[in-house]
Amino acid sequence: MERTFAMIKPDGVKRGLTAEVLARIIKKGYRIVGLKQMVIPREVAEKHYGEHQGKPFFDGLVEFITSGPVVAIALEGEGVIAGWRKMMGATNPANAEVGTIRGDYATFVGENVTHGSDSPESAERELGLFFKSEELL
Ligand code: ABT
Ligand code: MG
């Protein structure tokens, strides 16, 4: 059974989309094996987005992701890594299909409501960054 790291970003929490996003996850049938609201420490944010270090949008990205509470979520299910990214839709909401979270609730690539790990390696790394093993069911 596969696991992934999902997150409701500060814009999603601020805009009151937490229940909506969790409802979609639950109705889909993925199992929530870890869940917490937190403000991400700067060092964790820089590690989380380490692959983007040096890119022009990096500083703004770290600023944004640490700007308020997020909901960190560990998900389990068959094919959940790709499946959750499919539910989120394209990174740039302008390209995200209607019916996806970003297609329905976002307009701006810098604030796109949710996160999902993009590979098994990222999932393992990111779950380890955000959750202690005893926090996962
Ligand atoms: P994340 O779930 O945030 O990792 O998004 P995703 O994997 O869909 O897309 P990537 B490429 O990892 O983008 C990371 C964050 O950087 C923002 N971004 C990305 C920009 O602001 N400008 C850009 O040109 C690109 C490529 C979008 C993502 N996050 N936010 N918020
Ligand atoms: Mg990414």
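Note that the coordinates shown come from a computational prediction; the quantities given were computed from them, not determined experimentally. (Residues numbered from 1 in each chain as written. Chains lettered and ligands numbered in written order. Predicted model: local features only at pLDDT ≥ 70, side-chain atom pairs only at ≥ 80, totals over all residues.)

**What about the overall build of the protein chain?**
The helix and strand tally for the protein chain stands at seven helices and four strands. Tracing the protein chain from N to C terminus, the helices and strands come up as β-α-α-β-α-α-β-α-α-β-α. By the compact-globule yardstick of 14 Å for 137 residues, the protein chain fits well, its C-alpha radius of gyration being 14 Å. Oriented by its inertia axes, the alpha-carbon framework of the protein chain measures out at about 35 × 35 × 25 Å. When burial is assessed residue by residue, the protein chain has 34% of its 137 residues classed as buried. Pairs at least 24 apart in sequence give 70% of the contacts found in the protein chain among residues at least 6 apart. (Helix = DSSP H or I, 4+ residues; strand = E, 2+ residues; numbered from the N terminus. Rg over C-alpha atoms; globule rule 2.2 N^0.38 Å. Buried ≥ 20, exposed ≤ 12 C-beta atoms within 10 Å, placed from the backbone. Contact = placed C-beta atoms within 7 Å.)

**Considering the environment of G60**
Mapped onto the elements of the fold, G60 is located in helix α4 (residues 58-65). Placed 26 residues apart in sequence, G60 and K86 show a C-alpha to C-alpha distance of 25 Å.

**Things to note about the UniProt feature "active site" (unreviewed entry) in the protein chain**
Following the UniProt record, one finds the feature "active site" (unreviewed entry) at H115. By the secondary structure assignment, H115 is in strand β4 (residues 114-116). In this structure, H115 is in contact with A6, M7 and K9, ignoring residues within four places of it in sequence. (UniProt positions renumbered as here; feature names shortened; annotations may be inferred.)

**What about the environment of G29?**
For G29, the location among the structural elements is in the loop between α2 (18-28) and β2 (31-38). For G29 and G79, which are 50 residues apart along the polypeptide, the C-alpha to C-alpha distance reads 12 Å.

**Structural notes on the pairing of strand β1 (residues 2-8)**
Within β1, six of the seven residues are buried, which leaves the element mostly enclosed by the surrounding structure. Examined bridge by bridge, β1 and strand β3 (residues 70-77) share seven bridges and lie antiparallel to one another. Looking at the pairing, I8 lines up with V71 of β3. Pairing of β1 with β4 involves three bridges; the strand directions are antiparallel. Bridging from a neighbouring strand, M7 pairs with H115 of β4. (Pairing = 2+ DSSP bridges.)

**Observations concerning the nonpolar core**
Ranked by internal contacts, the top residues of the largest apolar core, which has 28 residues, are F5, M7, I8, I73, L75 and W84. Sorting the residues of this core by element identifies β1, α2, β3, α5 (80-88) and α7 (120-130) as the ones contributing at least two each. Among the elements that make up this core, the one with the highest residue count is β3 (six residues). Apart from the residues lying within four places of it in its own chain, the contact partners of I73 are A6, M7, I32, G34 and L35. (Core = buried A, V, L, I, M, F, W, Y, C linked by C-beta atoms within 7 Å.)

**Here we look at the UniProt feature "domain: Nucleoside diphosphate kinase-like" (unreviewed entry) in the protein chain**
UniProt's feature table lists "domain: Nucleoside diphosphate kinase-like" (unreviewed entry) at residues 1-137, given in the numbering used throughout. For residues 1-137, helix accounts for 41% and strand for 19%, while the C-alpha atoms at its two ends are 13 Å apart.

**Some thoughts on the environment of R42**
Following the sequence through the fold, R42 ends up in helix α3 (residues 42-48). Distance from R42 to T66, taken between C-alpha atoms, is 6.5 Å for residues 24 residues apart in sequence. The contacts of R42, once residues within four sequence positions are left out, are V62 and T66.

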